Amino acid sequence: MSETYFAMRDICKSYHVGDEDQMVLRHVNLSIEEGEFLSILGPSGSGKSTMMNIIGCLDVPTSGEYILRDRNVGELDQHQLAQIRCHEIGFIFQQFQLLPRLDAMRNVELPLIYAGVSRGERRQRAEETLCRVGLKDRLHHYPNQLSGGQQQRVAIARALASDPTILLADEPTGALDQTTGHQVMDLFQELNGEGRTIIMITHDLNIAKRGRRIVNILDGELSEGVSAYD
Ligand SMILES: Nc1ncnc2c1ncn2[C@@H]1O[C@H](COP(=O)(O)OP(=O)(O)O)[C@@H](O)[C@H]1O
Ligand SMILES: [Mg+2]
């Protein structure tokens, strides 16, 4: 039988606020194949970051099943979840989340330290991925010496360096102007063309359309949207 790459089945997430349970994700079903570029499109407050946290194994659902490469995430312990975050998911955030006191190389190397990669290999991978995102001549620049678009490229290199199963991006263009945002989307499309699986969360339809498939989220309910480019 072929591997289940990614499947969410009847996922619900509630938060307990005061003396009420507030349901933020409602019976979400979502399957993704290897090599997809999926956009999750929804307005503020619709549950996008909650989805990201569950997909990225930063949080667990209240009910339902999440299968990632044949593993039932709900059955994993804290250590195993940390291993998945480290090796399977490449996180990209709106605000880049770079460390200001580290240059581009060291920002990219940092998660590889936690992953136990040797120093020599860390350097090599950091340099390779920074070159891949077009920052060959910015290896030793600090975040405050880089434009927003360049900082996001460093963050993308950092996400790529561990060779993750899925690139998971939450509003990756949210802090960028329109032109720079679309340049980052050009890079996402190139990486997807090289076989990278991408899940991107956004509130911006024009950005969402850069993916190959769109699902909409509204009040915690997911529905299949328009298929976009080509
Ligand atoms: N830790 C939390 N506790 C209580 N409510 C939360 C928590 N996190 C998010 N929510 C609520 O869940 C809803 C969805 O939030 P979120 O997933 O951040 O939406 P989005 O990223 O689409 O803006 C919002 O109504 C928000 O107030
Ligand atoms: Mg959000």
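Residues numbered from 1 in each chain as written. Chains lettered and ligands numbered in written order. Predicted model: local features only at pLDDT ≥ 70, side-chain atom pairs only at ≥ 80, totals over all residues. Heavy atoms only, no water.

**Looking at the sheet that holds strand E9 (residues 213-218)**
Short version of the rule: DSSP-based pairing: two strands are paired if at least 2 bridges between them are found. What counts as a helix is a DSSP run of H or I of at least four residues, what counts as a strand is a run of E of at least two, and both are numbered from the N terminus. For helices, the fitted line uses only the C-alpha atoms of the stretch in contact; every axis is such a line through C-alpha atoms, and the angle between N-to-C directions lies from 0 to 180 degrees. Residue contacts are defined here by distance: any two heavy atoms, one from each residue, within 4.5 Å place the two residues in contact.
Reading across from one edge, E6-E7-E8-E3-E9-E10 is the order of the six strands in this open sheet, with mixed pairing throughout. Edge positions in the open sheet fall to strand E6 (89-92) and strand E10 (221-224), since each of these has one partner strand only. Averaged over neighbouring strand pairs, the angle between their axes works out to 20 degrees when direction is ignored. Both strand E3 (residues 37-41) and E9 contribute to a ladder of four bridges, which runs parallel. Looking across to E9, one finds that Leu-38 is bridged to Arg-213. Sheet strands in contact with helix H1 (residues 48-55) are E3, E6, strand E7 (166-170), strand E8 (197-202), E9 and E10, and its direction is about 155 degrees off that of E7.

**Let's talk about the site of ligand 1**
Just so we agree on the cut-off: For this purpose, a residue is taken to be near a molecule or strand whenever a single non-hydrogen atom of the residue falls within 4 Å of it. Any pair of N or O atoms that falls within 3.5 Å is considered a polar contact. Within protein, one atom must be able to donate a hydrogen and the other to accept it, and sequence-neighbouring residues count only if both atoms are side-chain atoms. Gly counts as polar in this scheme, as do all residues outside two lists: the nonpolar Ala, Val, Leu, Ile, Met, Phe, Trp, Tyr, Cys and Pro, and the charged Asp, Glu, Lys and Arg.
Taken together, the neighbourhood of ligand 1 is formed by Tyr-15, Val-17, Gln-22, Val-24, Pro-43, Ser-44, Gly-45, Ser-46, Gly-47, Lys-48, Ser-49 and Thr-50. Residue Ser-49 places a main-chain N or O atom 2.9 Å away from an oxygen atom belonging to ligand 1. Of all the elements in the fold, those that place two or more residues in the shell around ligand 1 are strand E1 (6-17), strand E2 (20-32) and H1. Broken down by element, the shell around ligand 1 gets its largest block of residues, three residues, from H1. Across the shell around ligand 1, the residue classes break down as four nonpolar, seven polar and one charged.

**Concerning the pairing of strand E4 (residues 63-68)**
Each regular strand shows side chains that alternate between the opposite faces of the sheet. Relative to E4, E1 runs antiparallel, the two sharing five bridges. Looking at E4, one finds that Cys-12 is bridged to Ser-63. Where E4 and strand E5 (residues 71-72) come together, two bridges link them in antiparallel fashion. Looking at E5, one finds that Ile-67 is bridged to Asn-72. Two successive antiparallel strands, E4 and E5, enclose a turn made up of two residues, where Arg-69 displays a positive phi of approximately 45 degrees.

**A closer look at the side chain of Arg-213**
Filter applied, for reference: Buried, partly exposed and exposed residues are distinguished by accessible area as a fraction of the type maximum, computed with a 1.4 Å probe on protein chains only: under 20%, between the cut-offs, and over 50%, respectively.
By the element assignment, Arg-213 lies in strand E9. Relative accessible area serves as the criterion here: at 18%, Arg-213 is assigned to the buried category. For Arg-213, the side chain forms a polar contact with the side chain of Glu-36, separated by 3.1 Å. In this structure the side chain of Arg-213 is engaged in a polar contact, spanning 2.5 Å, whose partner is the side chain of Glu-224.

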